[in-house]
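Overview (structure and organization)
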Amino acid sequence: MQQPEEGVSAVEKVVDDPQLHEKPVNKPDSDSVSTSSAKEHGSNTVIATDEDAIYAHLPEHEKDILKQQLDAPLVNISYFGLFRYASHTDIFILAVSALCAIAAGAAMPLFTILFGSLATAFQKIMLNTIPYSKFYDQLTSNVLYFVYLGIGEFVTIYVSTVGFIYTGEHVTQKIREHYLEAILRQNIAYFDKLGAGEVTTRITADTNLIQDGISEKVGLTLTAVATFVTAFVVAYIKYAPLAGICTSTMVALVLIMGGGSRLIIKYGKLSLESAGAGGTVAEEVISSIRNATAFGTQDKLAKQYESHLARAERWGMRLQMSLAVMVGIMFGLMQS
């Protein structure tokens, strides 16, 4: 019977202890100080503290390696840097294709000269200012020049197009292979930030854009530039005053093309990012289709995927509208 009394007296002593009625004094320790300072400096400091805690058990060199793998910086590569995977054969084919493209573009204004000479011959024979024999000689020579220029244009454009398409496909295939090798070498936490579907989207959409930029469009650009320069040279030789009037539109065309191309690049990049995010959602949902079906989240995930597609469609529509407005204004200036 003494045990309950002792227990009761012990409880009473504990309750009556004045130390329990005193307010506890918060002693600032290192953890509380670090947490409060992190809150004062914002969420970025909290994230940095958490990352330092994650890497705390690792040596310094391993910590640096993991940070480089998980926080990959954006790398800007020049246009010619895309050809770093080209072999010596590819470079030779590119050089020959570029020369053929320039030759094809430079020969285009010569058709206008031949057509003008042919029209002049017909005018003279209609006005009886030259005999028929001389007209026949001029007609034959101009027609032969037309045939020779046509054959030269066909050969040069064919070689240029085939060469750029071949090298573009070859270089793009190597880029895909090196991209996949680099992805497989990454740390597993890298894919938590990247997403599963974004890898497949990038390896197809981005490389297709690279292929478009280093294949036949290069030949078309070189041909257009050569035609532009040769046409102005011929125009200034034939009739300089009229050529000077036409040159005044060059400034307006350059400004329009510069502004339009910036919008096209901006909207194209945003459209690709939205499509990549949608691909990530689709890949993750399909890989875990059982969980999505079990929890009945099909409609919610479908709406999330549709939102990414709608965003990509909106940017794509703005891209096409910008391109249409730019081309319309350019043709309006050239025809005015």
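These notes cover the structure that comes with them. These numbers come from a predicted model, not from an experiment.

**So, the packing of aromatic side chains**
- Taken as a whole and judged by the stated rule, the model has nine aromatic pairs.
- Geometrically, the ring pair formed by Y267 and W315 is stacked, given 5.8 Å between the ring centres and 20 degrees between the ring planes. Taken together, the residues Y267 in helix α12 (residues 249-287) and W315 in helix α14 (residues 298-335) connect sequence positions 48 residues apart. Accessibility classification places Y267 together with W315 in one group, the buried group.
- By the ring-pair criterion, three or more aromatic residues cluster together here, those being F122, Y132, F135 and Y136.
- For R314, the ring lying beneath its charged end belongs to W315, and the centroid distance is 5.7 Å.

**Here's the deal with the packing of α12 against α14**
- At their nearest, the axes of α12 and α14 sit 8 Å apart, and the two run at 165 degrees to each other. Regarding the angle of α12 to α14, the classification is roughly antiparallel. Seen along the crossing, α12 lies across α14 with a hand that is left-handed.
- Of the residues that constitute the contact of α12 with α14, the class distribution is 24 nonpolar, 12 polar and two charged.

**Examining the environment of E198**
- With respect to the helices, strands and loops of the structure, E198 is situated in helix α9 (residues 196-214).
- Note on E198: relative accessible area 18%, which makes it buried.
- Taking the C-alpha atoms as reference, E198 lies 5.9 Å from G279; in sequence the two are 81 residues apart.
- Other than its neighbours up to four places away in sequence, E198 contacts G276 and T280.

**Describing a positive patch on the surface**
- Together, K266, R311, R314 and R318 line one region of the surface with positive charge.
- It is α14 that provides the largest number of residues to the positive patch, a total of three residues.
- Inspection of the secondary structure assignment puts R318 in helix α14.
- Here R318 falls in the partly exposed class, since its relative accessible area comes to 35%.

**Points about the nonpolar core**
- Counting residues in each nonpolar core, the largest one holds nine residues, listed as F83, A86, L94, A98, F164, V171, I175, I214 and V218.
- Contributions of two or more residues to this core are made by α6 (88-126) and α7 (132-184).
- Per-element accounting of this core gives the leading share, three residues, to α7.
- Residues within four places of A86 in sequence aside, it is in contact with I91 and V171.
- Grouped together as the second largest cluster of nonpolar side chains are six residues, I183, Y190, L194 and V199 included.

**Some details on a nonpolar patch on the surface**
- On the surface, a nonpolar cluster with roughly 990 Å² of combined accessible area is contributed by V143, L144, Y145, V147, Y148, I151, F154, V155, Y158 and V162.
- Examined against the element boundaries, Y145 turns out to sit in helix α7.
- For Y145, a relative accessible area of 45% corresponds to the partly exposed category.

What counts and what doesn't
Residues numbered from 1 in each chain as written. Predicted model: local features only at pLDDT ≥ 70, side-chain atom pairs only at ≥ 80, totals over all residues. Heavy atoms only, no water. Phe/Tyr/Trp six-rings, centres within 6.5 Å; stacked < 30°, edge-to-face > 60°. Helix = DSSP H or I, 4+ residues; strand = E, 2+ residues; numbered from the N terminus. Buried < 20%, exposed > 50% of the residue type's maximum accessible area, 1.4 Å probe, protein only. Lys NZ or Arg CZ within 6 Å of the ring centre and 35° of its normal. Axes fitted to C-alpha atoms, helices over the stretch in contact; angles between N-to-C directions. Parallel < 35°, antiparallel > 145°, perpendicular 65-115°, else oblique. Left-handed = near helix turned anticlockwise from the far one by under 90°. Nonpolar A, V, L, I, M, F, W, Y, C, P; charged D, E, K, R; others polar. Contact = heavy atoms within 4.5 Å. Patch = residues over 30% accessible without salt bridge, like charges linked within 9 Å, V, L, I, M, F, W, Y side chains within 5 Å. Areas by Shrake-Rupley, 256 points an atom, 1.4 Å probe, with all protein chains shown as cover. Salt bridge = Lys/Arg side-chain N within 4 Å of Asp/Glu carboxyl O. Lys, Arg positive; Asp, Glu negative; His and termini not counted. Charge placed at Lys NZ, Arg CZ, Asp CG, Glu CD. Core = buried A, V, L, I, M, F, W, Y, C linked by side-chain atoms within 4.5 Å.

Without other data, these values stay purely geometric and don't point to any function.
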